[in-house]
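Residue-level listing of the chains:
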Amino acid sequence: MLDTLFSFFRTGGIDNFFHCEKCGCCYSNVLKDSHHCVERAMHHNCPVCFEYLFDSTMDISVLHCGHTIHLECLNEMRVHHHFSCPVCSRSACDMTDAWQKLDQEVAATPMPEFYQKKMVWILCNDCGATSSVRFHVLAQKCPGCSSYNTRETRGGPATAACSRV
């Protein structure tokens, strides 16, 4: 999973970095055409250890959502099986393999007859969609993006709408 995340260093030569005006910081050229801009992304504390990122000399990782975190903190999150952004809850890396394994587990775990027709509303943390899906004791899959990074909500689209960070 580390290969899907981009890490950059605050030192290393001007030819290896570019400045993003919206983010207000310099990034590795590896991110030039693919990073998701988050205004002033480096001008806040690491969401795990709370060290101010802009002044940090530790390696920083840019998540797919554009939020930034110390690479060491991200690795510590992985050790504890936490794979979502601590700021916005989107998946922090490519979870395709994990979702495929969950597909197999869900298919191999039949629900008792009492729950077979039970429907629940979910909010997908990855695409932001709100959907009504069949309940399963293991996980709820987003019909839009196929992510299992979802949470059960209490109502339909009108009551579950929220803005994305």
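- Under an unreviewed UniProt entry, the chain has the name RING finger and CHY zinc finger domain-containing protein 1 and belongs to Aegilops tauschii subsp. strangulata.

### A short note on the sheet that holds strand β6 (residues 119-124)
Remark on secondary structure: sheet strands pair via backbone hydrogen bonds, oriented parallel or antiparallel.
Part 1: The strand order across the open sheet built from three strands is β7-β6-β8, with neighbouring strands paired in antiparallel fashion. Lying at the two open borders of the sheet, with one neighbouring strand each, are β7 (130-134) and β8 (150-153). Within this sheet the neighbouring strands show an average axis-to-axis angle of 45 degrees, counted without direction.
Part 2: Alignment of β6 against β7, held across five bridges, turns out to be antiparallel. In the strand pairing of β7, Val-120 is matched with Val-133.

### Quick notes on the pairing of β6
Part 1: Connecting the antiparallel pair β6 and β7 is a turn made up of five residues, with Gly-128 showing a positive phi of about 85 degrees.
Part 2: Bridge analysis of β6 against β8 gives four bridges, and the strand direction is antiparallel. Of the residues in β8, the one forming a bridge with Trp-121 is Thr-153.

### Focus on helix α1 (residues 71-79)
Part 1: Listed as buried for α1 are Leu-71, Cys-73, Leu-74, Met-77 and Arg-78. End-on view of α1: buried residues confined to an arc of 160 degrees, all on one side of the axis. Across α1 from its buried face, at more than 90 degrees, point the exposed residues Glu-72 and Val-79.
Part 2: Looking at the residues trailing α1, positive phi occurs at His-81, about 60 degrees.

### Quick word on the confidence of the model for the chain
Part 1: This prediction gives the chain a mean pLDDT of 82; 76% of its residues lie at or above 70.
Part 2: Of the regions scoring below 50 in pLDDT, residues 1-10 engages in 44 contacts with residues more than four places distant in sequence or in other chains.

### With respect to the packing of aromatic side chains
Part 1: Scanning the entire structure with this criterion turns up three aromatic pairs.
Part 2: Seen in terms of ring centroids, Phe-114 and Tyr-115 are 5.1 Å apart; in terms of plane orientation they differ by 85 degrees. Their pairing is edge-to-face.
Part 3: Ring pairing ties together the aromatic residues Phe-114, Tyr-115 and Phe-135, which thus form one cluster.

### Considering the nonpolar core
Part 1: By size, the foremost hydrophobic cluster in this structure holds 14 residues, and its most contacted members are Cys-46, Leu-53, Leu-63, Cys-65, Ile-69, Leu-74 and Cys-85.
Part 2: At four residues, the largest contribution of residues to this core is made by α1.
Part 3: Cys-85 has contacts with Leu-63, Cys-65, His-67, Arg-90 and Ala-92, leaving out every residue within four places of it along the chain.

The rules behind the values
Within each chain, residues carry numbers counting from 1 in the order of the written sequence. For this predicted model, a pLDDT threshold of at least 70 governs which residues receive local features, and a threshold of 80 or more governs which side-chain atom pairs are given and counted, while totals over whole chains, interfaces and linings are taken from all residues. Hydrogen atoms and water are omitted, and side-chain values are computed over all heavy atoms in the structure. Here, strands pair whenever DSSP counts at least two bridges between them. Strands here mean DSSP runs of E at least two residues long; helices mean DSSP runs of H or I at least four residues long; both are numbered from the N terminus. Here an axis means a line fitted to C-alpha atoms, over the contact stretch when the element is a helix, while the angle between two N-to-C directions is reported on a 0 to 180 degree scale. Relative accessible area decides the class of each residue, using a 1.4 Å probe on protein chains only: under 20% of the type maximum gives buried, over 50% gives exposed, and in between gives partly exposed. It is the directions from the helix axis to the C-beta atoms whose arc is reported. Residue-level confidence of the predictor is what pLDDT reports, using numbers from 0 through 100. Contacts are assigned to residue pairs with any non-hydrogen atoms lying within 4.5 Å of each other. Pairing of aromatic rings covers Phe, Tyr and Trp, the last counted by its six-membered ring, and requires centre-to-centre distances within 6.5 Å; plane angles under 30 degrees mean stacked, over 60 mean edge-to-face, and any other angle means tilted. Here, nonpolar core means buried Ala, Val, Leu, Ile, Met, Phe, Trp, Tyr and Cys residues that are tied together by side-chain atoms lying within 4.5 Å of each other.

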